[in-house]
Amino acid sequence: LDAEQTALSNVELVRQLQAGDEASFEALFLRHYERVYGIVFRLLGNKADAEDITQQVFLKLCYSPERIQVQQEGTNIAGWLYRVAVNEGYNVLRSQRRRANWHEKLARLWPFSQLSGDPARLIESQDSQARVRQILAEMKPREAKLLLLRHSGLSYKELAVALEIAPGSVGSLLTQAKRIFARKYQSAFPDKE
Amino acid sequence: MSLDETKLNAYLDGELPTQEREWVEQHLASSPQAQALLARLRQEARQTDQGLDILSPPAELHSAPVTALKQLQARLNLDHQASSALRGTPSENKLPLAWESPTLLSEITNVLRSFQIRRRQTMKLLTFKHRLALMTGLSLVVMAMAAFLILQPNIGKLITRLAQSASRPETTTATPSGVVVGNDGQVPEDITPVSAIFDGKIELIGYKLLNETITPGNPVRLTLYWRGLQPIEEDYTAFVQLFDPEGEILMGFDGPPGQAPTSEWQPYTVIDDHHDLVMVEGLPSGNYSIRTGLYKSTTHERLSIRVSEMPVGDSIQLAQIEVNDGAVGMPAEAQQMITTTIVFDDAVEIAGYQLFTNTISAGDAVRLKLYWRRRPAASAAYNSFTSFIQLVDSQGTVLAEKLTPLPMPQANLGAWLSGQTVEIPYILPLYEKFPTGEFDLLAGVSTVAQNLHLPIYPDIHQAQNITFLSRIKVTDQISPASSAPRKAANSHFAYGIQADPKGDTAANIEHLVTLRFDWVKLEMSWKEIEPRRGEYDWAQWDEVIGAYADRVSDVDINILLTISEAPDWVRPADDDKTVAGFPADPAQYAGFVAQVAGRYKGQVQAIEIWQEQNVFYEVGGQGRVDPAAYTELLKQAYIAIKAVNPEMIVVSGGLVPTSAPPPFAMDDVDYLRQMYASGAQDYFDALGAHLPGFANPPDALYEGGDYDPTRGYDDQRSFFFRNTAEAYRQVLIENDDEAKAVWPTQFGWPVLRNAEADPPFTFAEENSARDQMEYTVRAYQMGQAWGWVGPMFLSNLDYNITAPDTQLAHFGILDTPTYAMLANRSAGLRQTGQTTQPSRDQQSPSAPPAPTGITEENTGIVVVLDISGSMAAEDFEPNRLGAAKTVIQEFIAGRQGRRVGLVTFASQVVGQIQPTLDHTMLNGAVQAIQLSWNIGVDSGTAIGLGLDEAIRMLQDSTAQNKIIILLTDGANNSGNIEPLAAAQTAKVQGIRVYTIGAAKQGPARLPFPDGRVEYRDSEIDEEMLKEIANLTGGLYFRAEDTAGLQEIYKRIGELEDSQ
C-alpha cells in the first residue's frame, strides 16, 4: 500500500470504499484488524475462532460498505466495526454449549492428547481464562461488552458509537461495570488480593 | 459540578478534558473522602484490568494483519465464485477473482458433494462449523465452503446448480447415488407416493428405492421423503425395518428422520431420509419387506398412521425387495406370529405370540415370544407384573415354568405406556429326562405385590386366569445335534457387551437373554489366576465360564476373553510394576493363553490378546510402547492357541485412540501400521478396536480444527468413534487384509454416575442418559450397516453396580434407559395389528399438485416475507409478523385459481413453497411461519437472497404475469446477493416486484425471546425498496399499521387483477 492511502482518514477511506475502491478496503482492514481481532480474541480465547470471526466482521464491511454512515468524524467506521465485532463474538460465545473447566481439559489425558509446553501451566492458564469468561457471562451483556471494548482500547466516544449508548452514560455505566467485575473477580481469584 | 464517582472514574480513565481534570485534582487535594473513593475506584480498575488481561491475545496467537488480509481475500474469492455460480451469471464483483477456471469450479463442486455426504452424519457438530476455520491451504477451500454452505438452507439445490453450471447444463435430476437430494421443497417425480399422515403432524410423502432386485451383500438404497405439516414441538424417531420372507425382523434402524430433529423442521420443507439397508450374504431368496414408522423419542410411543383418512396402524409397509441369490433357502424355524387378544383384568393383554417349533426334544427348550400390550385402562395399582409360561401335562401338573417380569416403570423412561406393546422372549428349558408326549403351553400374568394371578377379562369363566397357547410335543433327546460346534462367525455383526466376571453372573446371563445379545466380553487377569509360578486358581473362572457357556443347550452366549496383566514374577526386572506390563518372554504369555484356550475349548469362542498396548500403562511404563514387541507376543500367542484349539478366534488387542506423544503412547493408527510392518498379519483373525465416543455422537466425523474450544475432546480424530473405526478399516484395506473384521472390543459413552468421579471422566457430565441411549443404539446400527464389523462389545453391563467408584461405572448400562432401549430394540417395532399397504398409484390428498407442462393460469405470484427477529416489533397488532401473516392469508384467499408461492427469509432463506394452486396447504404454511431468532440477538435480513429465491421460482414459469411481493422491515444486512442485483435479474425475467416497508415511524417496542425489550427505530432502507420497485415496474408502499398493510395488499391484488 502506498503511503498516500495510509495517510487518508477513515472518512475518506469509507467514501472511497463505497465508491467501489478495493484498495481502501485493504487500508481499512490493515488499520483496524488488530483491534477487531483483539476484541474477538478476548471473547473467544482461541486463535482459529477469533480469526474466523474477525474475517466475518470485515466481510460485512466488504459486502455492504453503504451501511457505514459517513460523518465528519472518523469514529463511525471504527465504532461500527467494533460493534459488529463484539456482537459477532458474543453470539459465538453464547452459542457455546458449555463453559470450559479444567476437568474437561484434563479429559485430554484420557486418552492422552496433544499438550504442548508444560501441561500444568497450560491448564492453569485455561482455567483462569475460563473463570474470567464465566464472570463476564454472569454480567449483563452490555456491561460485559463495555468492559471488553474498553480493555481493547476504545475511548468513551468510540464506546458510545460501538454500543449505541448515549455518550453521556458511558462513564457511569463503565464505573458500574468495573465495580461488578471487580467484586466477582475477587471471589473468583481469591489468591490475587 | 459535583465530584461523583463517574467523574472520578473518567478522570482515572484519562477521559476528562484538561479543564475538568484540573478541577478534579484540586478537589481531590482537599477532600479525604474523594481520595478514599478514588482509591477504591483505582482498586476496582486494577482488578478489572488484571482480570481482562488474562483474556488478551498472546503475541504468538496474532497473525500479521497482512497475512490475515490475504486469507480474507482468498475467502472472498471463494464466496464470490460460489455465488456467481449460484446465479449462473458472470461475476460483477468489485474484487478480482483469482480462479475462473471450470476445473476449479468442479473441484469445489466435489468438495461440496463430499461435504453434503458428511452433512448427513454430522448435523450436531456442524452447528459449530461456521466459526471453525484454520484458513490455510486446502482446508481453506473446505472450510470456507462449509461456512458458506451453513448460510444456505437449500444446499442440495445449490449443489445441483453448481454441478449444472460446472459441467452439465441440461441435467436436472439428482445423481443416482442419492447424495444430491436437497431440502428444497421439491420431491423427485419418480418417487413411490405413500402420503401417510402421522398423528396429523408429519407426512411420509413417499419413498424411492434405487434397486428393487439386489444381491446379498449389497445395500438396498432407500430414500424416504418426509415433511412436517405444522411446527413440531417434539422430537420423533423414525424406524426403518427389514423383514425376511417369514416376517422376522432382520434389521432395524432408529434415528431422527433425515438426521434432523423433527423439532427443527420447518413446515412443508421436504426432508429426505436416506438409508442403506445392508443385506448380509447367505439370506434365503424371497420377498423381504421394508416397514417404517415414527415414535416419540421420549416415550417410545408410536404415532398412529392414516392414509386417506383411514387408520392403518403404527407402521407402514413400503416396499418388497426380492432377494435373488440362487441359493437354497434355509428352512424357517419360527412359526408365523399369531395375533390374538387375551385381556388380563383390563390391565395387560397378550396381543400375539410366536412359537419357535412345537416339537421339542428333551434337554432342549421351548422358545416363545409373547407380545404384551398395556391396556389403556390399566390402573396405577397394577404397576408391576410377572408373566409366566408353563408346560402342563394332561393331569394339570406343571412340569416346567418360566417367570419373566414385564417392564417395570423406569425412573428415567416413564412407565410401560398404555397401548404400548412389548416383546418378551421366553426360554423354557426341559430337563434331559423330561417325559415325552404332548403338553399344553399356558401363559398368564401375576402381580408382584399381591402374588395374584390376574383373571382373564372379560370372560364368563370366572376362574380362568391362565390362557392356552399351544400344544407342545416333547420327543426323546437327539444327542449329537446339541453338541455341534457353536456358530461364531468372525466377520458377522453381532451384539455384545462387557460384563464383570466378578459380578452376578446368573443375573447377567438373564440380562443377555433379555437383551438378546450373542456375545459377552470378560476381562481375565493372568496375575490373578497365576499369582505365583505354577499356582493356578481356576475355580472362579470355571464357574463363570461354565455358567455362560452351558446354561441352555440351544441358546448361544459366545464368550470373548480379554487376557492381559502379567504377574510380576514373569515381568522384566526393570519395568514399572505400578502399571501393567508384558512378560519378559512372550512365550510365557503364549503358554498361559494356550492353557485357557484348551481348558475352555467349546466354551470360549474368542480371545483378545492384551489390550491398549499402545499406551505406557499396559506395557510396563513410559518409553516401552513397542509395536514390534507386541507383534511378537501376538504371534506366539496365536500359534500356541491354534495348536490346542484351531477354532478359537484370536483378536488383536484393542488399541487406545490417542495422539499422546511418546513416552506415554503411540498413535493407534501408526501403531497398527507398524504391527503390519512387523509381520502381524497372519497372527490374528480379527482386529480388536477400542472406540470410545467421549461426548461426541457416533456418526460425528472429525474433519480438522477445534469444533468448540471449551470442550477438550473434539479437536482430534481420536475422540471420534467413527473416525477411529474407519481409520482401522483403512489400514486393513491398505494391507489387503479387509477380509478381517473389526471387532470393537470396547465402545461406549459414559454418563457421570457420581460427583467424585476421576477428573478425567467428568466429560461424562456432558452425556445425558438419553445421549448414551441414542449414541449406543446408533453405534450398533452403524457397525451393522458397515458390514465389516464383527461383534461389538459395549462397555459395559454391570460395572456401575459392581464397581461404582471406578471409571467403568460411568459406562454401565444396568438400570438405565440404554438398557431398556436395547432390550426393546425390536420389541416396539413388532407389528401386532393389521396394516394396510397404501396403493401406490394413490394420489396424496395433500401433496402439492404435480407440476404440469401446460398451465392455463397466466399469473404466478410469490410472496416474500421477512421473518427476522425485528418482525416481532409491536407497532403492528399483534406484531409485524402476525399482521403480515393475516394480511397475506387474506391476499391468498382472493387469488383463487392463481398460483401463489412463498419465500421466508431472515439472514438466509428459511422456507419456500413453489407457486401452487393448493391454497389450503399454502395457508397452513403461512399460519405456521415463525420468527427466526439468531441466538438471542436480532437476526440478519437477507433481502437479496429472499428476492433471488422468488425469482428462481418464477423464472421457469410460463405465466404471462409474474409478480413478487416483498415485505420487510429492515435494510439488507446479510447474504451475499445484492438486492438491486436481484432486482436487475427480475427485470430481465419480466418479473414485477412490489416492495412493502412495514414499520411505524419512530421507535417500536421489540421483545426478545429471552425477555429483554428494546425500543428500536425502523431500519427500512426505503431508497433501496423504491429502486427495486422502479427497476422492475412495481411499486413501493410503506405500511405503518395493520390497516395500511391490508390496504396495500388489496391494492396490489387489484392492480394485478386488472392486468
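Novice: Sorry, what's going on with the overall build of chain A here?
Specialist: For chain A, the helix and strand inventory stands at 10 helices and zero strands. Each helix and strand of chain A, placed in order from N terminus to C terminus, yields the pattern α-α-α-α-α-α-α-α-α-α. Every one of the 193 residues in chain A was classed for burial, and the buried ones make up 58%. In chain A, 62% of the contacts between residues at least 6 apart in sequence involve partners at least 24 apart. A total accessible area of about 7,900 Å² is found for chain A, and carbon and sulfur atoms account for 48% of it.

Novice: Just checking my understanding: could you explain the nonpolar core for this structure?
Specialist: Most often, soluble globular proteins keep nonpolar side chains buried together rather than apart. Membership of the largest hydrophobic core comes to 87 residues, with the highest contact counts inside it found for Met524, Tyr548, Leu561 and Ile609 of chain B. Residue contacts for Ile609 of chain B: discarding those within four places in its chain leaves Ile563, Tyr589, Tyr630, Leu633, Leu634, Ala637, Ile641, Val650, Val651, Ser652 and Gly653 of chain B. By size, the runner-up hydrophobic cluster in this structure holds 73 residues, among which are Phe29, Leu44, Trp80 and Tyr82 of chain A.

Novice: Can you walk me through the pattern of salt bridges in this structure?
Specialist: Should the charged atoms of two oppositely charged side chains come close, the side chains can pair. A full pass over the atoms with the stated rule returns 40 salt bridges over all chains. The partner of Glu438 of chain B in a salt bridge is Arg471 of chain B, and the shortest N-O contact between them spans 3.9 Å. Residue Glu438 of chain B is found in strand E19 (residues 437–447), and its partner Arg471 of chain B is found in strand E20 (residues 467–475); the two are separated by 33 residues along the sequence. Residue Asp685 of chain B pairs with Lys642 of chain B through a salt bridge whose shortest N-O separation is 2.8 Å. Placement of Asp685 of chain B in the loop between helix H15 (668–677) and strand E26 (686–692) and of Lys642 of chain B in helix H14 (residues 627–644) is noted, with a sequence separation of 43 residues between them. Take Asp685 of chain B: its relative accessible area is 16%, and that puts it in the buried class. One network of salt bridges, with partners in common, ties together Arg150 and Lys178 of chain A together with Asp13 and Glu15 of chain B.

Novice: Any chance you could explain the packing of aromatic side chains here in plain terms?
Specialist: All names here are of chain B. For the coordinates displayed, the defined rule picks out 40 aromatic pairs over all chains. Considering the side-chain rings of Tyr495 and Tyr780, the 4.4 Å spacing of their centres and the 45° angle between planes classify their relative orientation as tilted. Placement of the pair is Tyr495 in strand E21 (residues 494–498) and Tyr780 in helix H17 (residues 769–786), with a sequence separation of 285 residues. Tyr780 matches Tyr495 in its accessibility class, with the two residues each being buried. Members of the aromatic cluster, joined through ring pairs, are Phe493, Tyr495, Phe517, Phe721, Phe747, Trp749, Tyr775, Tyr780, Trp786 and Trp788. The residue whose ring lies beneath Arg895 is Phe891, and the NZ or CZ to ring-centre distance is 4.6 Å.

Novice: I would appreciate a short explanation of the side chain of His151 of chain A in the present structure.
Specialist: Tracing the sequence through the fold places His151 of chain A in helix H8 (residues 141–151). For His151 of chain A, the side chain forms a polar contact with the side chain of Asp53 of chain B, separated by 2.7 Å. Apart from residues lying up to four places away in sequence, His151 of chain A is in contact with Arg42 of chain A together with Asp49, Leu52, Asp53 and Ser56 of chain B.

Novice: Teacher, can you tell me more about the confidence of the model for chain B here?
Specialist: Residue and element names in this part refer to chain B. In this model, chain B carries an average pLDDT of 74, and 73% of its residues clear a pLDDT of 70 or more. Below a pLDDT of 50 lies the segment residues 409–414, which in the model reaches nine contacts outside its immediate sequence neighbourhood of four places, other chains included. Note that pLDDT drops below 50 for residues 826–856; the model gives that stretch 74 contacts with residues more than four away or on any other chain. Our summary of model confidence lists the complex with pTM equal to 0.38 and ipTM equal to 0.80.

Novice: I tried to follow the sheet that holds strand E36 (residues 1036–1039) of chain B on my own but got confused; where do I start?
Specialist: Sheet strands associate in pairs through backbone hydrogen bonding, adopting either a parallel or an antiparallel arrangement. Residue and element names in this part refer to chain B. Here we have six strands laid out as an open sheet, ordered E31-E30-E29-E32-E33-E36, and mixed in their pairing. Since the sheet does not close on itself, it has two edges, and those belong to strand E31 (909–916) and E36, each with one partner. Taking each pair of neighbouring strands and ignoring which way they run, the sheet shows an average axis angle of 15°. Where strand E32 (residues 961–968) and strand E33 (residues 991–998) come together, seven bridges link them in parallel fashion. Bridge pairing in E33 places Thr968 opposite Gly997. Lying over the sheet, helix H24 (residues 1022–1032) contacts E32, E33 and E36, oriented at roughly 160° with respect to E33.

Novice: Is there a simple way to think about the packing of helix H10 (residues 505–515) of chain B against helix H12 (residues 539–550) of chain B in this case?
Specialist: Residues and elements named next belong to chain B. One way to put it is that H10 packs onto H12 with a least axis distance of 10 Å and a crossing angle of 25°. The angle between the axes of H10 and H12 places the two elements in the roughly parallel class. Judged by the sense of rotation from one axis to the other, the crossing of H10 with H12 is right-handed. Contacts from Thr505, Asn508, Ile509 and Leu512 in H10 reach Val544, Ala547 and Tyr548 in H12. Split by residue class, the contact of H10 with H12 holds five nonpolar, two polar and no charged.

Novice: Hey, could you run me through the environment of Tyr33 of chain A in this one?
Specialist: If you trace the backbone, Tyr33 of chain A turns up in helix H3 (residues 22–44). Under the relative-accessibility criterion, Tyr33 of chain A is labelled buried at 2%. For Tyr33 of chain A and Val57 of chain A, which are 24 residues apart along the polypeptide, the C-alpha to C-alpha distance reads 9.7 Å. Setting aside anything within four residues of it in sequence, one finds Tyr33 of chain A in contact with Glu51, Thr54 and Phe58 of chain A together with Ser63, Pro65 and Ala68 of chain B.

Novice: Looking at this model, I keep getting lost on the pairing of strand E30 (residues 899–905) of chain B. Mind explaining?
Specialist: Sheet faces and side chains relate simply in a regular strand, where the side chains alternate between the two faces. Residues and elements named next belong to chain B. Extensive coverage of E30 is indicated by the burial of seven of its seven residues. The side-chain alternation of E30 yields two buried faces, one formed by Arg899, Gly901, Val903 and Phe905 and the other by Val900, Leu902 and Thr904. The parallel pair strand E29 (residues 859–866) and E30, bridged by helix H20 (residues 880–893), forms a crossover whose chirality is right-handed. Strand direction decides the pairing type here: E30 and E31, joined by five bridges, are antiparallel.

Cut-offs and rules
Residues numbered from 1 in each chain as written. Chains lettered and ligands numbered in written order. Predicted model: local features only at pLDDT ≥ 70, side-chain atom pairs only at ≥ 80, totals over all residues. Heavy atoms only, no water. Helix = DSSP H or I, 4+ residues; strand = E, 2+ residues; numbered from the N terminus. Buried < 20%, exposed > 50% of the residue type's maximum accessible area, 1.4 Å probe, protein only. Contact = heavy atoms within 4.5 Å. Areas by Shrake-Rupley, 256 points an atom, 1.4 Å probe, with all protein chains shown as cover. Core = buried A, V, L, I, M, F, W, Y, C linked by side-chain atoms within 4.5 Å. Salt bridge = Lys/Arg side-chain N within 4 Å of Asp/Glu carboxyl O. Phe/Tyr/Trp six-rings, centres within 6.5 Å; stacked < 30°, edge-to-face > 60°. Lys NZ or Arg CZ within 6 Å of the ring centre and 35° of its normal. Polar contact = N/O pair within 3.5 Å; in protein donor to acceptor, adjacent residues only side chain to side chain. pLDDT = per-residue confidence, 0-100. Pairing = 2+ DSSP bridges. Axes fitted to C-alpha atoms, helices over the stretch in contact; angles between N-to-C directions. Parallel < 35°, antiparallel > 145°, perpendicular 65-115°, else oblique. Left-handed = near helix turned anticlockwise from the far one by under 90°. Nonpolar A, V, L, I, M, F, W, Y, C, P; charged D, E, K, R; others polar. Right-handed = clockwise from strand over helix to strand, strands pointing away.

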